[in-house]
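Structural description and commentary
So you can see what is in the structure, the chains are spelled out below.
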Amino acid sequence: MAMKYPEIDNTNYFTNRALFNKEGEKTGKILMYREKGKEEFYLRMKCPFCGHMQEREEAFEKKPYRPVCEECGKKVVISKLKSQK
Ligand SMILES: [Zn+2]
């Protein structure tokens, strides 16, 4: 899969983070961003529950964004990042 990164100045949302399964293990990851003027987000995700890699464009209504794994159907909640100690 070809990675495509945006010009950071051209985005109004960007996250690149680890995703955790129910046991709290770091088993997935997601890169997600939206370019200015676009309704859809680009997302590239490794599902933390089943490990399936996926890449697509999708529009989300409101935060927190919840992409659904196309393989296992589980929701991945992209919650607001808390400050870490
Ligand atoms: Zn999955």
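This section reports on the structure supplied with the text. (Residues numbered from 1 in each chain as written. Predicted model: local features only at pLDDT ≥ 70, side-chain atom pairs only at ≥ 80, totals over all residues. Heavy atoms only, no water.)

Concerning the overall build of the protein
When helices and strands are counted, the protein shows zero helices and four strands. Walking the protein from its N terminus toward its C terminus, one meets helices and strands in the order β-β-β-β. Relative to a compact globule of 85 residues, whose C-alpha radius of gyration would be 12 Å, the protein shows 13 Å and is just as compact. Taken along the three principal axes of its C-alpha coordinates, the protein extends 35 × 35 × 25 Å. A burial count over the protein gives 32% of its 85 residues as buried. For the protein, restricting intrachain contacts to residue pairs at least 6 apart in sequence, the fraction spanning at least 24 positions comes to 31%. Carbon and sulfur atoms form 46% of the exposed surface of the protein, whose accessible area is close to 6100 Å². Each charge class in the protein was averaged separately, 19 positive and 13 negative side chains, and the resulting centres sit 8 Å apart. (Helix = DSSP H or I, 4+ residues; strand = E, 2+ residues; numbered from the N terminus. Rg over C-alpha atoms; globule rule 2.2 N^0.38 Å. Buried < 20%, exposed > 50% of the residue type's maximum accessible area, 1.4 Å probe, protein only. Contact = heavy atoms within 4.5 Å. Areas by Shrake-Rupley, 256 points an atom, 1.4 Å probe, with all protein chains shown as cover. Lys, Arg positive; Asp, Glu negative; His and termini not counted. Charge placed at Lys NZ, Arg CZ, Asp CG, Glu CD.)

Overview of the coordination of the zinc ion
Every protein donor of the zinc ion is listed here as Cys47 (SG), Cys50 (SG), Cys69 (SG) and Cys72 (SG), and their distances to the metal cover 2.3 Å. Considering all four donor atoms around the zinc ion, angles at the metal cover 105 to 116° and the coordination shape is tetrahedral. In the primary sequence, the donor residues of the zinc ion line up as C-x2-C-x18-C-x2-C. Residue classification places Cys50 among the partly exposed residues on the basis of a relative accessible area of 38%. (Donors = N, O, S within 2.8 Å, 3.2 Å for Na, K, Ca; no water. Tetrahedral: all angles 85-135°; square planar, octahedral: opposite > 155°, others 65-115°.)

Quick word on the sheet that holds strand β2 (residues 26–35)
One open sheet holds the four strands; their spatial order is β1-β2-β3-β4, and the pairing between them is antiparallel. The sheet is open, and its two edges are formed by β1 (11–20) and β4 (53–58), each paired on a single side. Within this sheet the neighbouring strands show an average axis-to-axis angle of 10°, counted without direction. Across six bridges, strand β3 (residues 41–46) lies against β4 in antiparallel orientation. In the sheet register, Arg44 faces β4, and the bridge partner there is Glu55. (Pairing = 2+ DSSP bridges. Axes fitted to C-alpha atoms, helices over the stretch in contact; angles between N-to-C directions.)

Remember, this is a structural readout, not a statement about activity or role.
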